[in-house]
Amino acid sequence: MQALADLILEGRPVQHHRPWPRTIVDPMVWTSATVALAEGHWTLLGLWGETAAIHMALLEEPTGTIGVISLEELEGGYPSVAQYHPPALRPERAIHDLVGLVSKDLPDPRPWLDHGRWGLRFPLGDRLPPPPETAPYAFLRSEGDSLHQIPVGPVHAGIIEPGHFRFTANGETIVRLEERLGYVHKGIEALMVGASLDRAVQLAGRTSGDSTVTYAYAFSRAVEAALQLEVPSRAGWLRALMAELERLANHLGDIGAICNDAAFPLMHTHCGVLRERALRAADTAFGHRLMRDRIKPGGVIADLDHEGAAALRAVATEIGQTFPALVELYDNTASLQDRTVGTGMLRPELAHQYGAGGYIGRASGRGFDVRRALGYPPYNSLLFEIPVLHEGDVNARVWIRIREVEQCLSLIAQILDQLPAGPVSIDIPDIGETREGMALVEGFRGDVFVWLRVAESGRIDRCHLRDPSWFQWPLLEAAIEDNIVADFPLCNKSFNCSYSGHDL
Amino acid sequence: MVVISALLVQAVQMVTVVLLAPLLTGFIRKVKSRLLRRQGPSVIQPYRDILRLLRKEVVLAENASWLFRVTPYVIFAVTWVAAAIIPTFATGLMFSWTADLIAIIALLGSGRFFLALAGMDVGTSFGGIGSSREVMIATLAEPAMLLIIFTLALVAGSTQLSTIAAFMTSPQVGLRVSLGIALIALIMVAIAENARIPVDNPATHLELTMVHEAMVLEYSGRHLAMIELAASLKLQLYISLIACMFVPWKLAVLEAGLAAYLVGLLAYLAKLAVGGTLLALFETATAKMRIFRVPEFLGAALMLGLLATLLLFVSRSL
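About the thresholds
- Residues numbered from 1 in each chain as written.
- Chains lettered and ligands numbered in written order.
- Predicted model: local features only at pLDDT ≥ 70, side-chain atom pairs only at ≥ 80, totals over all residues.
- UniProt positions renumbered as here; feature names shortened; annotations may be inferred.
- Helix = DSSP H or I, 4+ residues; strand = E, 2+ residues; numbered from the N terminus.
- Buried ≥ 20, exposed ≤ 12 C-beta atoms within 10 Å, placed from the backbone.
- Contact = placed C-beta atoms within 7 Å.
- Pairing = 2+ DSSP bridges.
- Axes fitted to C-alpha atoms, helices over the stretch in contact; angles between N-to-C directions.

The name given to chain B in an unreviewed UniProt entry is Formate hydrogenlyase, with Ensifer adhaerens as the source organism. UniProt lists a comment for chain B under the heading Subcellular location (unreviewed entry), and it reads "Membrane".

You'll find chain A entered in an unreviewed UniProt entry as Hydrogenase expression protein HypE, with Ensifer adhaerens given as the organism.

A. Fine view of the overall build of chain B. Helices and strands together make up the secondary structure of chain B, namely 11 helices and 0 strands. Traced from its N-terminal end to its C-terminal end, chain B shows the element sequence α-α-α-α-α-α-α-α-α-α-α. Viewed in the frame of its principal axes, chain B has a C-alpha envelope of about 60 × 45 × 45 Å. Counting over 318 residues, chain B shows a buried share of 50%. Sequence separation of 24 or more characterises 81% of the internal contacts of chain B that already satisfy a separation of 6 or more.

B. Up close: the sheet that holds strand 10 (residues 164–170) of chain A. Residues and elements named next belong to chain A. Strand order in the open sheet formed by 3 strands is 9-10-11, and the pairing between neighbours is antiparallel. Each edge of the open sheet carries a strand with a single partner, namely strand 9 (148–152) and strand 11 (173–180). Recorded for the sheet is a direction-independent mean angle of 20° between the axes of neighbouring strands.

C. Spatial organisation of the UniProt feature "transmembrane region" (unreviewed entry) in chain B. Residues and elements named next belong to chain B. Here, the residues flagged by UniProt with the feature "transmembrane region" (unreviewed entry) are residues 6–28, 73–95, 101–123, 144–167, 173–192, 235–252, 258–282 and 294–314. Secondary structure across residues 101–123 divides into 91% helix and 0% strand, with the first and last C-alpha atoms of the span separated by 34 Å. The span residues 294–314 is 100% helix and 0% strand, and its two end C-alpha atoms sit 30 Å from each other.

Dropping the structure here:
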């Protein structure tokens, strides 16, 4: 079997693509890469298109090799990846909606992000006028005696993001769930085209509100990779501090919210208090509760002063003292355990096939974590563990979050102890020529992938942001099968995929 | 004279229950909020909600039939009548000679029948899910309830509530295992009937997990106000029922004088407060059970009811 490094050598390498190579390959190599993906040798990191090219980012997990292959001969479309490797299905449908590239032999050619309400077609491509009439979306058929359909959403009774779920159920048992997403499409990738770096990092930070630090972090790292910038070490440590705070707050919120969906609000309120404390400390330390717009290419915007560091230390200590009692409450409430254990099982094979990151992958035996696999600074000098479980049920996903909260607290303390002194940002030099960069950063949901091309003028030529949810939403459909309708909210909350990050 | 005072007591009772019911709901919500370290809405919030709903216009589905429009009033009426029969602060109610415990179950059952039909009337999937779940719960809760009534009737020699209450206050009742078992079973049935945790969650926004709320999802305006008020009344009815049969202390008897009535009323308020607090405590400490565990839960109530009845056939003194 071919190594990813060898595959990369088969193509024509692209200049100024960093930190990992990108090569332009012919359709034969593209198809052989697709087959190797399907055989499970590599993991699909991202699949995105431009008017005249299609790109696929691949990861070889055992060696940590990453590479991008591109196909530029697109007459009559490109050979479908999804026909062999199902995780590419939704990205390919989205590429057609956004760019207009046609995938040959695509198993499911229905539109995905485009609901026919944008006022134009292919916003990243030819920008054609919309067709006068769009056919209603055809949901997959389920046939059989005594099956009935339950349409849920896109507007839900609670204050959550919009998404449509079409259940086919036999009584209470779910036979099929089909998701329909794209309701919160904001056109971020189209807005990125021609944006200055300052504007673009703000746009990136608005892709998914709960991961705003991660997105700005990943975007900035991609720009720095493209321009070969070395950020001051203090800036790198502060970025990691913000990322861990964001992870801590989100995990605390999630643990409570999952219990609340099993009608156990006691955990919800107590976790809510802790989450609020973390957010307020973030506000004191960095001047924004969610730390939005604090990270920029070249460094960070705000430095951490003594008061801020003291607030973060205090909150980490407080959570460290209170949290074990909540874990015990979760573990000892039999009625709650009865709901979470064995519910919404995700098989490890599927988690591996889809390259599911974050707590979803780690609860199903896939221990991939960018912080460890790529060891970007300062994580290469910090001590932390990556919890992995194999059960794959709601309970396992809760436990992964619990363990990660503990790791976050330890990381925050380590970062505060070892924070180096010095400047927190450097200026962006003139670009000079077109450059490309990419980055992977571990957010609370999993790995956020950013690829971009900066033009000579210093403006963004094309930027692709891939939320971890792209490879997690399809797994929810699989995990929910044979569960009962009433357990769906619990499973969905334990996945907690992003609507906004996915719909972009 | 007796008839007049019985009528008067009955009238006071009917007004009291309907006025107090939202307060009880508000009180339980307040206690739950405090247990969760939250401030919680004011205890009179349910009154405000009902007033707000009464002032709002009704949004009806185009295909809603007369059944959908009539159901809220039917449910409110039957629940109100049922609540009016249970001695809350005084026995000797006018209506209690015409309706006994079995009639109360029948009244509530017919209310449920209409609500389940209304849930399916508009044809939304949530209404259908709610109705099917509700009926599944009812098929187990109602037989359990009947067995509990048989136990009490065998002990007290009557299904008439005033007589049961009078018997329970008399010295001849003693300590009976069967009554203890019946009390536990009745509490379980009451939790299921009132759509409380762990059977259903009255505060949920998750449409897929709802039972009672799913059936009433399409209601709005004054229709919803009627249903909310009926739900509050039903909760109060069950707490009153437990209080009347198992702790009938300070219940005023007919023509006992104004002081006795006032004491009865205060005692009733105290019983409601204790019942509401216990319910809030229990709900805070438990998660909702998976929907298919509900039959096991209610099956246990049914078996307890059966056991209590059988014990009485073994020995009259048990």
